[in-house]
Amino acid sequence: MADPLVVIYGSTGTGKSDLAVELATRFNGEIINADAMQMYRGLPIITNQLTPEEQRGIPHYLLGNIGLDEEPWSVTSWKREATKIISDIRSRGKLPIVVGGTSYYLDGLLFDEKLVESDPATTDGSETAAAKATRDELASQHPILRESAEVMLAKLQEVDPAMAERWHPKDIRKIRNSLEIYLTTGRRASDIYAEQRARKEAKRAEQPPSPWNLLLFWLYAKPDMLNERLDKRVDKMVANGLLDETSSVYDYLQRRLAAGDTVDRTKGIWQSIGFRQFESYLSAVKSTETDTPQAALEKLKQQGIEDTKTATRQYAKYQIRWIARKTIAALQEENLLSNFYLLDSSNISHWHSEVAEKGSSLLAKHLAHQPLPRPEDLSDTAREVLAEQLERSNRPETICNKTCEVCEKEFRIEEQWQKHLKSKKHQKAVKWAKRQAEGWPTRGVAKGDKVEEGTNDDVDADDADGQVPKP
Ligand SMILES: [Zn+2]
């Protein structure tokens, strides 16, 4: 029998860490942190670590274990360490519980046999010199590969209509690629991909999807209730001394800069919520040259608090979206959805019954190898949220070939095209084009301007895959 492993997903502010401690206390467990920011030492308030009292004597690993000058860990390093710790915990007869808001760490731990996509639909446009040489050689044997997209597409429609339908008529690289496969192998690319998919599925079916006997939780709170709670938490953090921590990080940064160190401000602790939002305030407070009036300082501080609240809400939204889209899709592919339980922590006064008791009851059954309920039967919220996400991930893609002339972007999937039309990026570009056409000055909005989007409406259409989240 595979070893049991509990994994707790969830956004910030849902009580994940408390659930982990509750389960560890009841089931002789130890906890491994999967939150990139909580790995930083000395910043318990900014990073929302449990206090020692709240940890209730349960051993916690990979928590507060790196210094401010260290880079955040890659998923590979985290996974390597976490796997070692899990084995060690098991060897002592204890239950490992992994918990954290950095879902890409958790996904990395669970889904190591990531499907290697050999289908060019998802590969990027780069081409190596060797590939280029081969391409030239191929073209000398098959001159049609030097023709226009239109000519090659007509040929592809004849020999492999399924592939022809997938590509945008102007996407010469993909059209040529599919045609090349046919010309060099004598077989249709669509057949080859279908076989590859079937082989992968067969391989998955014969291998256990995971070396562990997994029980997975998703701590979920309804957005309006979560946002209210997050706002209150920021106020509480400020009352508990957030600004002292922020100030020490600020001083550390100034010392590094004064010593002439290069500091990459785009990652690590410098991007943590609760630091960058207070930089203007701290810079004014600590300035020895100018003397900012008290009222102005207070205003900067309040702005920092507001900005921290906004950033926290956006981060929670981002985390939920990751789980809802990426994690659920991967779980479905690995046949693990039946072990993925949404616990509803929307209402904090029901935390004990909805989260602690339901979670414990599931874990007790899981450890005793008893049958577990279906995840959707756990609560109304579970039913609604899981159904919605499954419907989304199973919705068939409608193939379309549309080009947005304004943004000069091509779309292959109807849903992404629709999403693009609604995106802020597109609407801003349209507005700009219209103003330009009417001869208006285009002050304040420039084509290609990066639109700051906390809501990131375009995420699926443009850059969903391979994107590393800001911790
Ligand atoms: Zn557009």
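Thresholds applied
- Residues numbered from 1 in each chain as written.
- Predicted model: local features only at pLDDT ≥ 70, side-chain atom pairs only at ≥ 80, totals over all residues.
- Heavy atoms only, no water.
- Donors = N, O, S within 2.8 Å, 3.2 Å for Na, K, Ca; no water.
- Tetrahedral: all angles 85-135°; square planar, octahedral: opposite > 155°, others 65-115°.
- Helix = DSSP H or I, 4+ residues; strand = E, 2+ residues; numbered from the N terminus.
- Buried < 20%, exposed > 50% of the residue type's maximum accessible area, 1.4 Å probe, protein only.
- Phe/Tyr/Trp six-rings, centres within 6.5 Å; stacked < 30°, edge-to-face > 60°.
- Salt bridge = Lys/Arg side-chain N within 4 Å of Asp/Glu carboxyl O.

### Section: the coordination of the zinc ion
Okay, so step 1: For the zinc ion, the protein coordination sphere consists of Cys-404 (SG), Cys-407 (SG), His-420 (NE2) and His-426 (ND1), at 2.0 to 2.2 Å.
Okay, so step 2: Each of the four donor atoms bound to the zinc ion contributes to angles spanning 102 to 120°, and the resulting shape is tetrahedral.
Okay, so step 3: When the donor residues of the zinc ion are listed from N- to C-terminus, their spacing reads C-x2-C-x12-H-x5-H. Here Cys-407, found in the loop between β7 (399-404) and β8 (409-413), pairs with His-420, found in helix α16 (residues 414-422); they are 13 residues apart in sequence, far enough to count as distant.
Okay, so step 4: A relative accessible area of 22% means that Cys-407 is categorised as partly exposed.
Okay, so step 5: Note on His-420: relative accessible area 1%, which makes it buried.

### Focus: the environment of Met-37
Okay, so step 1: Positionally, Met-37 belongs in the loop between β2 (29-33) and α2 (52-55).
Okay, so step 2: Spatially, the C-alpha atoms of Met-37 and Gln-49 are 9.4 Å apart, while their sequence positions differ by 12 residues.

### A few points about the packing of aromatic side chains
Okay, so step 1: Counted according to the given criterion, the structure contains 10 aromatic pairs.
Okay, so step 2: Aromatic side chains Tyr-252 and Trp-270 sit 6.0 Å apart centroid to centroid with 5° between the ring planes, which places their arrangement in the stacked category. Placement of the pair is Tyr-252 in helix α11 (residues 242-258) and Trp-270 in the loop between α11 and α12 (279-286), with a sequence separation of 18 residues.
Okay, so step 3: We classify Tyr-252 as buried; its relative accessible area is 16%.
Okay, so step 4: Measuring from centroid to centroid gives 6.4 Å for Tyr-318 and Trp-322, while their planes differ by 55°, and the two rings are tilted. Highlighted residues: Tyr-318 and Trp-322, both in helix α13 (residues 294-333), separated by four residues, approximately one helical turn.
Okay, so step 5: Residue Trp-322 is classed as buried on the basis of its relative accessible area of 10%.

### Brief notes about the pattern of salt bridges
Close approach of charged atoms allows side chains of opposite charge to pair.
Okay, so step 1: Counted under the stated rule, the structure contains 21 salt bridges.
Okay, so step 2: Across the pair Lys-155 and Glu-158 runs a salt bridge whose closest N-O atoms are separated by 3.5 Å. With a gap of three residues between them, Lys-155 and Glu-158 both fall in helix α6 (residues 149-159), about one helical turn apart.
Okay, so step 3: For Lys-155, a relative accessible area of 27% puts it in the partly exposed group.
Okay, so step 4: Of the charged contacts, one joins Lys-286 and Asp-251 as a salt bridge, the two residues approaching to 2.9 Å between their closest N and O atoms. Residue Lys-286 is found in helix α12, and its partner Asp-251 is found in helix α11; the two are separated by 35 residues along the sequence.
Okay, so step 5: Judged by its relative accessible area of 30%, Lys-286 falls in the partly exposed class.
Okay, so step 6: When salt bridges with common partners are traced through the structure, they connect Arg-374, Glu-376, Asp-377, Asp-380 and Arg-383 into a single cluster.

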